[in-house]
Amino acid sequence: MRPHIQCKKVNPISNVQSLERALTILNKLSEYPDGISIARLSEQVGLTKSTIHRLLATLSNMNYVVKDLETDKYKLGLQVLFLSRNLLNNSNIVNIAKQYLEKLSQEVNETVHLCIEDSGQVIYIDKIESNQTIRMFSRIGSRAPMYSTAVGKVLLSDMDQNHFEEIISNIDFTPKTPTTITSKEKFLEEIEMVKIQGYGLDNAENETFLRCIAFPIFNHKGKIIASFSVSGPTNRVTMEFISETLIEKMKRCSLDISRNLGYIGS
């Protein structure tokens, strides 16, 4: 007679909840490149320390998370980078744009970012650092609001109307600096100005004392699929520097990249 074996039932709801919690932890860890303690992480994501510890143990075993033995803080592991290796490396926009953005950065000696829109936010998919002593904290893969960034304004300026309205309706226009646009009406006027002039400006609206100018990148259909910016302290990236140098150089760069993507406009 065969012995009766009782199988433990797996609760699919519990599995989904654990997965959601683990992904929430990874997202939060991405905001702390130098690591975060379990106690602080527990406060940030609203989970008990025991739950955090259990999930971190699993993530650590799979190298998605690593623990600093000196500080007892946790941060993202290299497995996250392994997952994203093909996402950016195989991106036509990144590969095609890089040589032009590197040339632009060398010519103006300021930081250049390449960005796309994702879930109503700007996401940085490439960055070319300048040789200046004062540099930007931004990282590839980091995100920023669309309403307070030059790249975000450019991306919004050619967006499908339904998607545009959806994003605008979810913006609370929180002032990040004294010059941030804080009303929907004024922001819509700003987007219309971007459409007319062909570029966007961030006049210290996202970070104090930091000014950015952004231009679009078009695909073969003439649609904006990405934007790139030149950013630097307001004492270096002055309005005069923008009007006398950056606009012309960036417009040429925009056209060069877009032509390589099949754009036939001017």
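The rules we used
Residues numbered from 1 in each chain as written. Predicted model: local features only at pLDDT ≥ 70, side-chain atom pairs only at ≥ 80, totals over all residues. Heavy atoms only, no water. Helix = DSSP H or I, 4+ residues; strand = E, 2+ residues; numbered from the N terminus. Buried < 20%, exposed > 50% of the residue type's maximum accessible area, 1.4 Å probe, protein only. Contact = heavy atoms within 4.5 Å. Areas by Shrake-Rupley, 256 points an atom, 1.4 Å probe, with all protein chains shown as cover. Lys, Arg positive; Asp, Glu negative; His and termini not counted. Charge placed at Lys NZ, Arg CZ, Asp CG, Glu CD. Phe/Tyr/Trp six-rings, centres within 6.5 Å; stacked < 30°, edge-to-face > 60°. Core = buried A, V, L, I, M, F, W, Y, C linked by side-chain atoms within 4.5 Å. Pairing = 2+ DSSP bridges. Salt bridge = Lys/Arg side-chain N within 4 Å of Asp/Glu carboxyl O.

Draft legend 1. Quick peek at the overall build of the protein chain. Helix and strand counts for the protein chain stand at nine helices and eight strands. Structurally, the protein chain occupies a C-alpha span of about 85 × 40 × 40 Å along its principal axes. A burial count over the protein chain gives 41% of its 266 residues as buried. Taking contacts inside the protein chain between residues at least 6 apart in sequence as the whole, the part at least 24 apart equals 55%. Counting only carbon and sulfur atoms, one obtains 52% of the accessible surface of the protein chain, whose full area is about 15,800 Å². In the protein chain, the 31 positive side-chain charges and the 30 negative ones have mean positions that sit 8 Å from each other.

Draft legend 2. Structural view of the packing of aromatic side chains. In the structure shown here, the tally under the stated rule is four aromatic pairs. Ring geometry for Tyr 199 and Phe 215: centres 5.4 Å apart, planes at 20°, overall stacked. Within this pair, whereas Tyr 199 is found in the loop between helix H8 (184–197) and strand E6 (200–203), its partner Phe 215 is found in strand E7 (residues 210–218), the two being separated by 16 residues in sequence. Neither residue differs from the other here; Tyr 199 and Phe 215 are each classed as buried. What links up through ring pairs into an aromatic cluster is the set Tyr 147, Phe 173 and Phe 187.

Draft legend 3. Structural detail: the nonpolar core. Core analysis: the biggest nonpolar cluster contains 27 residues, and Val 122, Met 146, Leu 156 and Phe 187 have the highest contact counts within it. Only strand E4 (121–128), helix H6 (150–156), helix H7 (161–169), H8 and E7 provide two or more residues apiece to this core. The leading source of residues in this core is H6, at five residues. Core analysis: the second largest hydrophobic core is formed by 26 residues, Val 112, Tyr 199, Val 230 and Met 250 among them.

Draft legend 4. Spatial organisation of the pairing of E6. Here four bridges tie E6 to E7, and the two strands are oriented antiparallel to one another. If you follow Asp 202 over to E7, its bridge partner there is Cys 212. In this antiparallel pair of consecutive strands, E6 and E7, the connection spans six residues, and Ala 204 shows a positive phi of 55°.

Draft legend 5. Broad picture of the pattern of salt bridges. Under the defined criterion, the tally for this structure stands at 14 salt bridges. Between Glu 31 and Lys 28 there is a salt bridge, with the nearest N and O atoms lying 3.2 Å from each other. The partner of Glu 248 in a salt bridge is Arg 252, and the shortest N-O contact between them spans 3.5 Å. Taken together, the residues span about one helical turn, with Glu 248 and Arg 252 both in helix H9 (residues 239–260) at a distance of four residues. Here the salt bridges do not stand alone but share partners, grouping Lys 103, Glu 107 and Lys 249 into one network.

Bear in mind that shape data such as this cannot, by itself, settle questions of function.
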